[in-house]
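# Observations on the model geometry
Here is what each chain is made of, one letter per residue.
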Amino acid sequence: MAGRFEQRPTRTTVRGGHVVVPGQTQARAWTQMPTKAAAGRRRSWAPPWPLDLGLVLGPLRRGPADPAFRRTPDGAVWRASLTPVGPGTLRVCVRGGVVEGEAWGPGARWLLDQLPLMLGEADDPGAFEPRHRLVATTRHRRPGLRLTRTGLVLESLIPSILEQKVTTDEAYRAWRSLVRKYGTPAPGPVDGRMFVMPEPRVWSLIPSWEWHRAGVDNKRASTILRAVRVARRMEEAVALDAEAARERLELVSGIGPWTSAETVQRSHGAPDAVTVGDLHLPGIVGYALAGDRDADDAVMLSLLEPYAGQRHRAARLILLSGRTPPRRHPKMPRGDIGRL
């Protein structure tokens, strides 16, 4: 009976990485965000490949109500980021194969400089060779998929820590609550609906009861506090290759292979940073490639061995294929320690 119903999105399936971004034809029925504010900096860029904003930027969204991410019916994606030079808001859309970017705030120039990398300029899909019909078919159907590289570590590391060993809803609620309360309003014409995540010092000053109220247990909160105390060293990891960056992140107690992989997939665009230790991913990969819904990490890594160097890309394509095992009963109970 379970197969008759749509599978509830899990953190893994959501991270297959597709955010629905409406096309231009849907823009007429929508009123854009207020544009009375001063115009931001602008940049146009024409990538020499097909580009799907929803696929490329989808992994950066932490839930449908992420205060730092918004997609609008005019086909644009908005992001609020804490850059090395200050907060900034970026609006990006694709018109006739040309990427149009506009940014506001102290970090505007930095965001526009990073725009091609964020949209996959440094990625090389040509290095990927499908070894399974399912993977080959999915790649053919998703020509606009490229791996993003944000160049920012903490903005991916902190929400990844919040997502450790909890349900998607719990993690996204915690991120939403803390960013709205302790972040700063995003610059630009966002009508007060977007926020830039807190600076490292602000994270370190959040009282224990506020972590509790947001549903974050002491273990995850303590890991974030240890990470922000060495925030400069964490951000410097963006200059390292993905494997060296993971090693640096994992020097912080509480950050393991799952969290470091989830981080460098976004900050570095790491094509081989396959996520191990995930509750759902091994079963999805095992089912898709070998009909084994009970596969563990060892089986998953064995199945992905032909994709060495590109295992994360292979896993994303498998997630995007939609071939997932029929739903069983939930394996992880939901909870909210903020109500205790």
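The rules behind the values
Residues numbered from 1 in each chain as written. Predicted model: local features only at pLDDT ≥ 70, side-chain atom pairs only at ≥ 80, totals over all residues. Heavy atoms only, no water. Helix = DSSP H or I, 4+ residues; strand = E, 2+ residues; numbered from the N terminus. Buried < 20%, exposed > 50% of the residue type's maximum accessible area, 1.4 Å probe, protein only. Contact = heavy atoms within 4.5 Å. Core = buried A, V, L, I, M, F, W, Y, C linked by side-chain atoms within 4.5 Å. Pairing = 2+ DSSP bridges. Axes fitted to C-alpha atoms, helices over the stretch in contact; angles between N-to-C directions. Parallel < 35°, antiparallel > 145°, perpendicular 65-115°, else oblique. Left-handed = near helix turned anticlockwise from the far one by under 90°. Nonpolar A, V, L, I, M, F, W, Y, C, P; charged D, E, K, R; others polar. Phe/Tyr/Trp six-rings, centres within 6.5 Å; stacked < 30°, edge-to-face > 60°. pLDDT = per-residue confidence, 0-100.

### Points about the overall build of the chain
Helices and strands together make up the secondary structure of the chain, namely 15 helices and 7 strands. Taken over 340 residues, the chain has a buried fraction of 51%. At a minimum sequence separation of 6, the contacts of the chain that also span at least 24 residues come to 70%.

### Thoughts on the nonpolar core
With 45 residues, the main nonpolar core has Leu 157, Trp 203 and Trp 211 as its most contacted residues. Looking at this core, the elements with two or more residues in it are strand 3 (76-83), helix 5 (154-162), helix 6 (168-182), strand 7 (195-196), helix 9 (218-229), helix 10 (231-236), helix 11 (242-249) and helix 12 (257-267). Sequence-distant contacts of Leu 157, defined by excluding residues within four places in its chain, comprise Ala 227, Met 234, Leu 249, Ile 255, Thr 259 and Thr 263. Residues Leu 60, Phe 69, Val 92 and Met 118 belong to the second largest nonpolar core, which totals 22 residues.

### Some details on the sheet that holds strand 5 (residues 98-104)
Sheet architecture is open: 5 strands sit in the order 1-5-4-3-2, paired in antiparallel fashion. Each edge of the open sheet carries a strand with a single partner, namely strand 1 (41-45) and strand 2 (69-72). Pairwise comparison of adjacent strand axes, ignoring direction, gives a mean angle of 20° for this sheet. Relative to strand 5, strand 4 (residues 86-95) is paired through 7 bridges, and the arrangement is antiparallel. Following the sheet pairing, Arg 91 is matched in strand 5 by Glu 102. Contacting strand 1, strand 3, strand 4 and strand 5, helix 3 (residues 108-118) runs over the sheet at an angle of about 15° to strand 1.

### Examining the packing of helix 5 against helix 9
At a minimum axis distance of 9 Å, the contact between helix 5 and helix 9 shows a crossing angle of 165°. Judged on the interaxial angle alone, helix 9 and helix 5 are roughly antiparallel. The crossing of helix 5 and helix 9 is right-handed. From helix 5, Leu 157, Ile 158, Ile 161 and Leu 162 reach across to helix 9, where they touch Arg 220, Thr 223, Ile 224, Ala 227 and Val 228. Considering only residue class, the contact of helix 5 with helix 9 consists of 7 nonpolar, 1 polar and 1 charged.

### Regarding the packing of helix 13 (residues 281-290) against helix 14 (residues 297-304)
Between helix 13 and helix 14, the least distance of the axes is 9 Å, while the angle of their chain directions is 45°. For the element pair helix 13 / helix 14, the angle class is oblique. Viewed along their axes, helix 13 and helix 14 form a crossing whose handedness is left-handed. Residues Leu 281, Pro 282, Val 285, Gly 286, Leu 289 and Ala 290 of helix 13 pack against Asp 297, Met 300, Leu 303 and Leu 304 of helix 14. The class makeup of the residues in the contact of helix 13 with helix 14 is 8 nonpolar, 1 polar and 1 charged.

### Focus: the packing of aromatic side chains
For any two aromatic rings, the description comes down to two numbers: the centre-to-centre distance and the angle of the planes. Applying the stated criterion across every chain, the model contains 5 aromatic pairs. With a centroid separation of 5.7 Å and an interplanar angle of 70°, the aromatic rings of Trp 45 and Trp 49 are classed as edge-to-face. Given the relative accessible area of 18%, Trp 49 is considered buried. Taking the centre distance of 5.3 Å and the plane angle of 15° together, the rings of Phe 128 and Tyr 307 count as stacked.

### Concerning the pairing of strand 4
Summarising burial for strand 4: 8 of the 10 residues are buried, a large majority. Taken together, the 7 bridges between strand 3 and strand 4 define a ladder with antiparallel strand orientation. In the sheet register, Val 77 faces strand 4, and the bridge partner there is Val 92. What sits between the antiparallel neighbours strand 3 and strand 4 is a turn of 2 residues. In this antiparallel pair of consecutive strands, strand 4 and strand 5, the connection spans 2 residues, and Gly 96 shows a positive phi of 60°.

### Here's the deal with the confidence of the model for the chain
In this model, the chain carries a mean pLDDT of 90, and residues with pLDDT of at least 70 account for 87%. Note on residues 24-36: pLDDT under 50 across the span, and 18 contacts to partners over four residues away in sequence or across chains.

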